[in-house]
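Architecture and fold: a report
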Amino acid sequence: MFFKTKTRIGKIVEGIKFAETGEDAEFYLQEANVAFRHDDESRHDEEISEGAATTLYKRLALDLHTNGSDKNVKLITVALSMVYKCSKSALVDSFEDIGSGLLTVFLQLIKMAIDGEVYDGCAALRHVTRTILIFSQVNELKNTLVRHDGLVRGLVRVVNNREIADARVDAMHAIAF
């Protein structure tokens, strides 16, 4: 497989982007979950600039609409919740590029998880609501979030589901912000 960039993050992003099978995608998503598991804001900024958030969003949309692997859906949501621990400016720039579409895909995933259409949907929901909570903590994004069709309703649906405790807490905090 040919990679344009030589950084580890670039290779992972390219691998996710051009994975031909679910197994190939899973390999690179697991690599992303290892690489993104840190608290260094500047490294998360680099991940954003290398296209990690955009690639993960596109892969999530593809997997949800083509009955992709539930494991990959979970890995994607975990990776997104980590990569968005970036700086506020990187987060706002990324959100301006993909935020509306990402929220729409998140709402589809919330519905599917609550309706039992995604195996281990609780884990994916936990990371989706955590990412929405991260967005809600940025003043510049609050108006866009509350105006996004169905977002508050979807979060309330999570709050009303007693089976998903961690996701409920993050959803409540996201609504409160």
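Source: prediction; values computed, not measured. (Residues numbered from 1 in each chain as written. Predicted model: local features only at pLDDT ≥ 70, side-chain atom pairs only at ≥ 80, totals over all residues. Heavy atoms only, no water.)

1. Observations regarding the overall build of the protein
What the protein contains, in helices and strands, is 10 helices and zero strands. Shown N-terminal to C-terminal, the secondary structure of the protein runs as helices and strands in the order α-α-α-α-α-α-α-α-α-α. Relative to the 2.2 N^0.38 estimate, which gives 16 Å for 177 residues, the radius of gyration of the protein is 15 Å and therefore close to what a compact globule would have. Each principal axis of the C-alpha distribution contributes one length, and for the protein these read about 45 × 35 × 25 Å. Across the 177 residues in the protein, those meeting the buried criterion constitute 51%. Partitioning the intrachain contacts of the protein with sequence separation of at least 6 by distance along the chain shows that 68% fall at a separation of at least 24. (Helix = DSSP H or I, 4+ residues; strand = E, 2+ residues; numbered from the N terminus. Rg over C-alpha atoms; globule rule 2.2 N^0.38 Å. Buried < 20%, exposed > 50% of the residue type's maximum accessible area, 1.4 Å probe, protein only. Contact = heavy atoms within 4.5 Å.)

2. Things to note about the pattern of salt bridges
Under the defined criterion, the tally for this structure stands at nine salt bridges. Among the ionic pairs, Lys17 bridges to Glu14, the shortest N-O distance being 3.8 Å. Highlighted residues: Lys17 and Glu14, both in helix H1 (residues 8-18), separated by three residues, approximately one helical turn. On the basis of relative accessible area, Glu14 is assigned to the buried category, the value being 10%. Salt bridges here are not isolated pairs; linked through shared partners, they connect Lys111, Asp115 and Arg157. (Salt bridge = Lys/Arg side-chain N within 4 Å of Asp/Glu carboxyl O.)

3. A closer look at the side chain of Ser136
With respect to the secondary-structure elements, Ser136 resides in helix H7 (residues 121-136). Judged by its relative accessible area of 3%, Ser136 is buried. Of note is the side chain of Ser136, whose polar atom sits 2.7 Å from the backbone oxygen of Leu133. Setting aside its immediate chain neighbours within four residues, Ser136 contacts Lys142, Leu145, His173, Ala174 and Phe177. (Polar contact = N/O pair within 3.5 Å; in protein donor to acceptor, adjacent residues only side chain to side chain.)

4. So, the nonpolar core
One recurring pattern in soluble globular proteins is that nonpolar side chains are buried together. Counting residues in hydrophobic clusters, the biggest one holds 62 residues, and the most contacted among them are Phe36, Leu60, Leu80, Tyr84, Ile132 and Phe135. Here the element with the most residues in this core is helix H6 (residues 88-114); it accounts for 14 residues. With residues up to four places along the chain from it excluded, the contact list for Phe135 reads Tyr84, Leu91, Phe95, Leu102, Leu103, Phe106, Leu141 and Leu145. (Core = buried A, V, L, I, M, F, W, Y, C linked by side-chain atoms within 4.5 Å.)

5. As for the packing of helix H5 (residues 70-83) against H7
Interhelical geometry of H5 versus H7 gives an angle of 25 degrees and a closest axis separation of 8 Å. When the interaxial angle is binned, H5 and H7 end up roughly parallel. You can see that H5 and H7 cross each other, and the crossing is left-handed. Contacts between H5 and H7 involve Val73, Lys74, Thr77, Val78, Leu80 and Ser81 from the former and Ala123, Ala124, His127, Val128, Thr131 and Ile134 from the latter. (Axes fitted to C-alpha atoms, helices over the stretch in contact; angles between N-to-C directions. Parallel < 35°, antiparallel > 145°, perpendicular 65-115°, else oblique. Left-handed = near helix turned anticlockwise from the far one by under 90°.)

6. Side note on helix H9 (residues 151-159)
Those residues of H9 not exposed but buried are Leu151, Gly154, Leu155, Val158 and Val159. What you see down the axis of H9 is that its buried residues fit within an arc of 145 degrees, all on one side. (Arc of directions from axis to C-beta.)

7. Re a nonpolar patch on the surface
Where nonpolar side chains cluster on the molecular surface, the patch consists of Val146, Val152, Val156 and Ile175 and spans about 300 Å² of accessible area. Locating Val156 in the fold gives a position in helix H9. (Patch = residues over 30% accessible without salt bridge, like charges linked within 9 Å, V, L, I, M, F, W, Y side chains within 5 Å. Areas by Shrake-Rupley, 256 points an atom, 1.4 Å probe, with all protein chains shown as cover.)

8. Section: the packing of aromatic side chains
This structure, assessed with the given rule, holds three aromatic pairs. With a centroid separation of 5.0 Å and an interplanar angle of 70 degrees, the aromatic rings of Phe95 and Phe135 are classed as edge-to-face. Taken together, the positions of Phe95 in helix H6 and Phe135 in helix H7 put the pair 40 residues apart, joining distant regions of the chain. We classify Phe95 as buried; its relative accessible area is 6%. By the ring-pair criterion, three or more aromatic residues cluster together here, those being Tyr84, Phe95 and Phe135. (Phe/Tyr/Trp six-rings, centres within 6.5 Å; stacked < 30°, edge-to-face > 60°.)

Any link to function would need more than the numbers given here.
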